[in-house]
Amino acid sequence: MNKNKVIQILLILLAILILIISFNFYKKNKESLSEKFDKIDNVIDLTVKDSTKTIIEDINYYSKDGAGNEFEINSSYGRADLQNTNIINMEDVTAEIKLVNSDTIYIYSKYAKYNNISYETDFSENVKILYIDHVITGDNLKLFFQENLISIFNNVTYKHSNSRMSSDKIEINTITKKMKIFMYNKADKVKFLYK
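Residues numbered from 1 in each chain as written. Predicted model: local features only at pLDDT ≥ 70, side-chain atom pairs only at ≥ 80, totals over all residues. Heavy atoms only, no water.

Quick look at the overall build of the protein now. Looking only at helices and strands, the protein has 1 helix and 12 strands in total. The secondary structure elements of the protein, listed N-terminal to C-terminal, are α-β-β-β-β-β-β-β-β-β-β-β-β. Split into buried and exposed, the 195 residues of the protein put 31% on the buried side. Contacts in the protein between residues at least 24 apart in sequence constitute 35% of all its contacts with a sequence separation of at least 6. (Helix = DSSP H or I, 4+ residues; strand = E, 2+ residues; numbered from the N terminus. Buried < 20%, exposed > 50% of the residue type's maximum accessible area, 1.4 Å probe, protein only. Contact = heavy atoms within 4.5 Å.)

Moving on: the environment of Ile55. Of note, Ile55 is situated in strand β3 (residues 55-65). The spacing of Ile55 and Gly78 is 23 residues in sequence and 5.8 Å in space, taken between C-alpha atoms.

The next subject is the packing of aromatic side chains. Overall, the coordinates contain 3 aromatic pairs when judged by the stated rule. Note on Tyr61 and Tyr114: the rings are 4.7 Å apart at their centroids and 40 degrees apart in plane angle, and the pair reads as tilted. Residue Tyr61 is found in strand β3, and its partner Tyr114 is found in strand β6 (residues 105-115); the two are separated by 53 residues along the sequence. On the basis of relative accessible area, Tyr61 is assigned to the buried category, the value being 1%. Taken together, the ring pairs connect Tyr61, Phe71, Tyr114 and Phe145 into an aromatic cluster. Its guanidinium or amino end placed over the ring of Phe182, Lys169 lies 5.6 Å from that ring's centre, counting from NZ or CZ. (Phe/Tyr/Trp six-rings, centres within 6.5 Å; stacked < 30°, edge-to-face > 60°. Lys NZ or Arg CZ within 6 Å of the ring centre and 35° of its normal.)

Structurally, Ser163 can be placed in strand β10 (residues 163-173). From its side chain, Ser163 meets the backbone oxygen of His160 in a polar contact 2.7 Å long. The residues touching Ser163, leaving out its near neighbours within four places in the chain, are Tyr158, Phe192, Leu193 and Tyr194. (Polar contact = N/O pair within 3.5 Å; in protein donor to acceptor, adjacent residues only side chain to side chain.)

Let's shift gears to the pattern of salt bridges. By the definition in use, this model includes 5 salt bridges. The partner of Arg79 in a salt bridge is Glu91, and the shortest N-O contact between them spans 3.5 Å. One end of the pair, Arg79, is in strand β4 (residues 70-80); the other, Glu91, is in strand β5 (residues 87-98), with 12 residues separating them in the sequence. Here Lys98 ties to Glu96 by a salt bridge, and the two come within 3.4 Å at their closest N and O atoms. (Salt bridge = Lys/Arg side-chain N within 4 Å of Asp/Glu carboxyl O.)

Turning next to the confidence of the model for the protein. Across the protein, pLDDT averages 82, with 84% of residues at or above 70. Contacts from residues 30-49, a stretch scored under 50 in pLDDT, to residues over four places away or in other chains number 42 contacts. (pLDDT = per-residue confidence, 0-100.)

Let us look at the pairing of β6. Inspection of the sheet shows β5 paired to β6 by 10 bridges, in the antiparallel sense. Its bridge partner lying in β6, Glu96 is registered against Tyr106. Remark: 6 residues form the turn of the hairpin made by β5 and β6, two consecutive strands paired antiparallel; Asn101 in that turn has positive phi of roughly 60 degrees. Alignment of β6 against strand β7 (residues 121-131), held across 8 bridges, turns out to be antiparallel. (Pairing = 2+ DSSP bridges.)

Of note, the phi angle at Asp92 is positive, near 55 degrees, even though the residue is not glycine. A positive phi is found at Asn154, a non-glycine position, where the angle reads about 70 degrees.

Let us now look at the environment of Lys113. Positionally, Lys113 belongs in strand β6. Accessibility expressed as a relative area gives 39% for Lys113, which makes it partly exposed. Every residue in contact with Lys113, bar those within four places of it in the chain, is listed here: Ile87, Ile88, Asn89, Glu120, Thr121 and Asp122.

Have a look at this one:
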């Protein structure tokens, strides 16, 4: 009888230990996922020039993911979206994506709509991407920082060395650097010129 009670007590203690370890593992994973992206820097200078519009000057946002990849966006000025305080409408925009073990990707545009919670950014008008000696221009660009995806579309031109290509849309995985090139109409062809 004593041997059976000892075995029962050991099994109960083992079950409790497994529950405690499982709970701690779940809690730790949940916390690390929720803290994957930490906003480190925020608006530097805020001045209200009009009671109906909030003008923000010298805007700088910085974020870093759990893998060490960094995203920084700067603007000479912008306006807070009064309907959604997480959105900043920026003008004269520059952005940098600094990837671990990779060269920096630079993005320039006339306008951008930046979400300071998700870090998703919609760039528009005179959009330009510079990466080493690759240059991509287009009308619009969507940056999905958390998904490691850049989508540049509408009147897209890609230049590298002696080659030039035109398409409707290019998607770039910022980690693998793989590009997908699209035309909206399947009958249209991507235009490629090599000098």
